[in-house]
Amino acid sequence: KNQVEQSPQSLIILEGKNCTLQCNYTVSPFSNLRWYKQDTGRGPVSLTIMTFSENTKSNGRYTATLDADTKQSSLHITASQLSDSASYICVVIDRGSTLGRLYFGRGTQLTVWP
Amino acid sequence: EADIYQTPRYLVIGTGKKITLECSQTMGHDKMYWYQQDPGMELHLIHYSYGVNSTEKGDLSSESTVSRIRTEHFPLTLESARPSHTSQYLCASSELMGYKGETQYFGPGTRLLVL
């Protein structure tokens, strides 16, 4: 069964600190993996997109890594800010159909305290 | 900022009422989607469309219906709302499928409460 598991479920850190969010997936065949940021009451916004050949991709203070062999991805946030408080969702797309089905994780709820 | 809009943002209605959730995008995207998301849970695809006059049901069974008469407009309708329909509904759009680089752009969502 294709699944996307994220950990931790929730995380509280102090402003200025770094953190790493994890995503493990069993989706196969794999096409690409995305990290989305979802603010409370808003729709998700794409942070990074990674294909199987890409190991690392950065977007400002966000750095995503991908190990397609172990089917693991991480999102590292550097020097956290209060505005980073949100849910971070890992999404994996398969290439087994023309639709390119999306598999969503439940997200990690990050809270940054001053 | 994505040019995809949803109205209303919040809706509280009584059981049995008919409602339509609006979704519009100005990016000219062919593909549009409706997702349902409960608090702390993953998004579930309930409907999608490849283009005008194309609609398909998603993975999660839903009593709602959709229509795609215009490229930019993808409304979702519940003929008779029930408390079990209480949820957040997210609309998204994307360009035609490719295996690399396609991004879904999400609207702000509609939070529905059925009493």
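Residues numbered from 1 in each chain as written. Chains lettered and ligands numbered in written order. Predicted model: local features only at pLDDT ≥ 70, side-chain atom pairs only at ≥ 80, totals over all residues. Heavy atoms only, no water.

Enquirer: Just to check I follow, could you spell out the sheet that holds strand β1 (residues 4-7) of chain A for this structure?
Expert: In a beta sheet, neighbouring strands pair by backbone hydrogen bonds and run either parallel or antiparallel. Residues and elements named next belong to chain A. One open sheet accounts for five strands, arranged β1-β3-β8-β7-β6; its pairing is antiparallel. Two strands bound the open sheet, and with one partner strand each, they are β1 and β6 (56-59). If you compare each strand with its neighbour and ignore which way they point, the axes differ by 15° on average. Across four bridges, the pairing between β6 and strand β7 (residues 62-67) is antiparallel. When the bridges of β7 are listed, Thr56 appears paired with Thr65. (Pairing = 2+ DSSP bridges. Helix = DSSP H or I, 4+ residues; strand = E, 2+ residues; numbered from the N terminus. Axes fitted to C-alpha atoms, helices over the stretch in contact; angles between N-to-C directions.)

Enquirer: What am I meant to see in the interface of chain A and chain B here?
Expert: Accessible area lost on assembly of the parts is the figure often given for the size of an interface. Counting from both sides, the interface comprises 25 residues of chain A and, opposite them, 25 residues of chain B. Carbon and sulfur atoms make up 51% of the area that chain A and chain B hide from each other, which totals about 2,000 Å². Residue Glu42 of chain B pairs with Arg106 of chain A through a salt bridge whose shortest N-O separation is 2.9 Å. For the interface between chain A and chain B, the tally reads five residue pairs in polar contact (both at pLDDT 80 or more). Only β4 (30-38), β5 (45-51), β9 (86-94) and β10 (102-104) of chain A provide two or more residues apiece to the side of chain A that touches chain B. Residues of the side of chain A that touches chain B, tallied by class, amount to eight nonpolar, twelve polar and five charged. (Contact = heavy atoms within 4.5 Å. Buried area = accessible area lost by both parts, 1.4 Å probe. Salt bridge = Lys/Arg side-chain N within 4 Å of Asp/Glu carboxyl O. Polar contact = N/O pair within 3.5 Å; in protein donor to acceptor, adjacent residues only side chain to side chain. Nonpolar A, V, L, I, M, F, W, Y, C, P; charged D, E, K, R; others polar.)

Enquirer: It is not clear to me how the sheet that holds strand β7 (residues 65-66) of chain B should be interpreted in this structure. Could you clarify?
Expert: Residues and elements named next belong to chain B. Taken in spatial order, the four strands make up an open sheet running β1-β3-β8-β7, and their pairing is antiparallel. The open sheet terminates on both sides in strands that have one partner only, identified here as β1 (4-7) and β7. For β7 and strand β8 (residues 76-78), the ladder comprises two bridges, and the chain directions are antiparallel. Of the residues in β8, the one forming a bridge with Thr65 is Thr77.

Enquirer: When you look at the packing of aromatic side chains in this model, what are you seeing that I'm missing?
Expert: Geometrically, a pair of aromatic rings is defined through the distance of the ring centres and the angle of the planes. Enumeration over the complete set of coordinates arrives at seven aromatic pairs over all chains. Relative to Tyr88 of chain A, the ring of Tyr62 of chain A has its centre 6.1 Å away and its plane inclined at 45°; by these criteria the two rings are tilted. One end of the pair, Tyr62 of chain A, is in strand β7; the other, Tyr88 of chain A, is in strand β9, with 26 residues separating them in the sequence. Judged by relative accessible area, Tyr62 of chain A falls into the buried class, the value being 9%. Relative accessible area serves as the criterion here: at 0%, Tyr88 of chain A is assigned to the buried category. Between the aromatic rings of Tyr48 of chain B and Tyr50 of chain B, the centroid separation amounts to 5.7 Å while the plane-to-plane angle is 80°, which identifies the pairing as edge-to-face. For Tyr48 of chain B, a relative accessible area of 12% corresponds to the buried category. (Phe/Tyr/Trp six-rings, centres within 6.5 Å; stacked < 30°, edge-to-face > 60°. Buried < 20%, exposed > 50% of the residue type's maximum accessible area, 1.4 Å probe, protein only.)

Enquirer: How should the confidence of the model for chain B be read in this particular structure?
Expert: For any part of a model where pLDDT is low, the fine detail of the predicted coordinates should not be relied upon. A residue-level look at chain B finds 92% of positions with pLDDT of 70 or above and a mean pLDDT of 90. The secondary-structure element of chain B with the lowest mean pLDDT is strand β6 (residues 56-57) of chain B, recorded at 90, while strand β3 (residues 19-25) of chain B shows the highest, at 97. (pLDDT = per-residue confidence, 0-100.)

Enquirer: Help me understand the nonpolar core in this model?
Expert: Nonpolar side chains in soluble globular proteins tend to end up buried together. If you look at the biggest cluster of nonpolar residues, it comprises 24 residues, and the most contacted ones within it are Val4, Tyr25, Leu33, Trp35, Leu75, Tyr88 and Val92 of chain A. Elements with a contribution of two residues or more to this core: β3 (19-25), β4, β5, β7, β8 (72-77), β9 and β11 (108-113) of chain A. If near-sequence neighbours (up to four positions away) are discounted, Leu33 of chain A is found in contact with Cys23, Tyr25, Thr48, Ile49, Met50, Leu66, Ser73, Cys90, Val91 and Val92 of chain A. Grouped together as the second largest cluster of nonpolar side chains are 18 residues, Cys23, Ile46, Leu76 and Cys91 of chain B included. (Core = buried A, V, L, I, M, F, W, Y, C linked by side-chain atoms within 4.5 Å.)

Enquirer: Help me understand the state of the cysteines in this model?
Expert: Note on terminology: disulfide describes a covalent bond linking the sulfur atoms of two cysteines. Residue and element names in this part refer to chain A. Under the counting rule described, the total for this entry stands at two disulfides over all chains. One disulfide bridge connects Cys23 with Cys90, the sulfur atoms lying 2.0 Å from each other. Linking Cys23 and Cys90, the disulfide has an S-S dihedral of approximately -70° and is accordingly described as left-handed. Of this pair, Cys23 sits in strand β3 while Cys90 is found in strand β9, placing the two residues 67 residues apart along the sequence. (Disulfide = S-S within 2.5 Å.)

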